Amino acid sequence: MTDVQTETTSPADEAPAVDTEAVDAPATAAEPTAGELDREGDIAADYIEELLDIADIDGDIDIDARNGRAYISVNAEDGTNLQLLAKPDTVAALQELTRLAVQNQTGGFSRLILDIAGSRDARQAELGQLVARAIARIEEGAAEAALPPMSSYERKLVHDIVSERGFVSNSRGEGRDRHTVITAA
């Protein structure tokens, strides 16, 4: 059985993220209200809960609203089979399916984020290592360092990491080829 817990973070708790490089959101989309984010989270949690039940996978679902996005986290006790779904490509695919389910019911675009078994934290750590290697190349004399293509959400994380380390980054390319390029400040 899956437990659903809701936790809402107020805008005062976190600075809003600015995703100027987003390629998946309509340019005219207004920031969703807390009620709309709660509804997205509830719809997404119901969808994920059904999926987990069908696959006979145990997991606890937490719903959160941060930075204008609904965040759905699925976690479980050690020894469960939830890790089967925690691979980056699987999480990305499930996130897109969940977004489609939300959009089907709300009629509006969803920017929800799905995390399964800490996969987002693990990916952020990987991105930190990727940025560190790129910065090392710049410090060794390279004019710039290009990272592989990634989603707008991951590029936003990279931009934040790069900025924290005192370097400059921008996104280049179109569609699936959009990637981040890092240069010295």
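Located above this text is the structure these notes cover.
Residues numbered from 1 in each chain as written. Predicted model: local features only at pLDDT ≥ 70, side-chain atom pairs only at ≥ 80, totals over all residues. Heavy atoms only, no water.

1. Looking at the sheet that holds strand 7 (residues 179-183)
- In space, the 3 strands of this open sheet follow the order 5-7-6, with antiparallel pairing throughout. The open sheet has two edge strands, strand 5 (144-146) and strand 6 (168-172), and neither has a second partner. On average, each strand axis in the sheet is tilted by 25° relative to the strand beside it, whichever way the strands run.
- Relative to strand 7, strand 5 runs antiparallel, the two sharing 3 bridges. (Pairing = 2+ DSSP bridges. Helix = DSSP H or I, 4+ residues; strand = E, 2+ residues; numbered from the N terminus. Axes fitted to C-alpha atoms, helices over the stretch in contact; angles between N-to-C directions.)

2. Notes on the packing of aromatic side chains
- Applying the stated rule across the entire model yields 0 aromatic pairs.
- Against the face of tyrosine 71 rests arginine 66, its NZ or CZ located 3.9 Å from the ring centre. (Phe/Tyr/Trp six-rings, centres within 6.5 Å; stacked < 30°, edge-to-face > 60°. Lys NZ or Arg CZ within 6 Å of the ring centre and 35° of its normal.)

3. Regarding helix 4 (residues 152-164)
- If you check helix 4, its first and last C-alpha atoms are 18 Å apart, about what 13 residues at 1.5 Å a residue would give, namely 18 Å.
- With 10 of 13 residues buried, helix 4 is to be regarded as a mostly interior element.
- Within helix 4, burial applies to Ser152, Tyr153, Glu154, Arg155, Lys156, Leu157, Val158, His159, Ile161 and Val162.
- Where the residues of helix 4 are buried, they touch strand 3 (69-75), strand 4 (113-116), helix 3 (119-139), strand 6 and strand 7.
- Residue glycine 166 follows helix 4 closely and has a positive phi angle near 80°. (Expected span 1.5 Å × (residues − 1). Buried < 20%, exposed > 50% of the residue type's maximum accessible area, 1.4 Å probe, protein only. Contact = heavy atoms within 4.5 Å.)

4. Some remarks on the nonpolar core
- One finds Leu52, Val74, Leu114 and Ile116 to be the most contacted residues of the largest nonpolar core, which totals 22 residues.
- Every element with two or more residues in this core is listed here: helix 1 (34-55), strand 2 (60-66), strand 3, helix 2 (88-106) and strand 4.
- It is helix 1 that provides the largest number of residues to this core, a total of 6 residues.
- Setting aside residues up to four positions removed in sequence, isoleucine 116 forms contacts with Val74, Leu82, Leu85, Ala86, Val91 and Leu94.
- Ile135, Ile138, Met150 and Ile161 belong to the second-largest nonpolar core, a separate cluster that totals 18 residues. (Core = buried A, V, L, I, M, F, W, Y, C linked by side-chain atoms within 4.5 Å.)

5. Brief notes about the pattern of salt bridges
- Considering all chains together, one arrives at 6 salt bridges under this definition.
- With its nearest N and O atoms 2.8 Å apart, the salt bridge here joins arginine 123 to glutamate 154. Of this pair, arginine 123 sits in helix 3 while glutamate 154 is found in helix 4, placing the two residues 31 residues apart along the sequence.
- A residue is classified by how much of its surface remains accessible, and arginine 123, at 25% relative accessible area, is partly exposed.
- Residue glutamate 144 pairs with arginine 172 through a salt bridge whose shortest N-O separation is 3.2 Å. Taken as a pair, glutamate 144 in strand 5 and arginine 172 in strand 6 lie far apart in primary sequence, 28 residues in all.
- With a relative accessible area of 39%, glutamate 144 lands in the partly exposed category. (Salt bridge = Lys/Arg side-chain N within 4 Å of Asp/Glu carboxyl O.)

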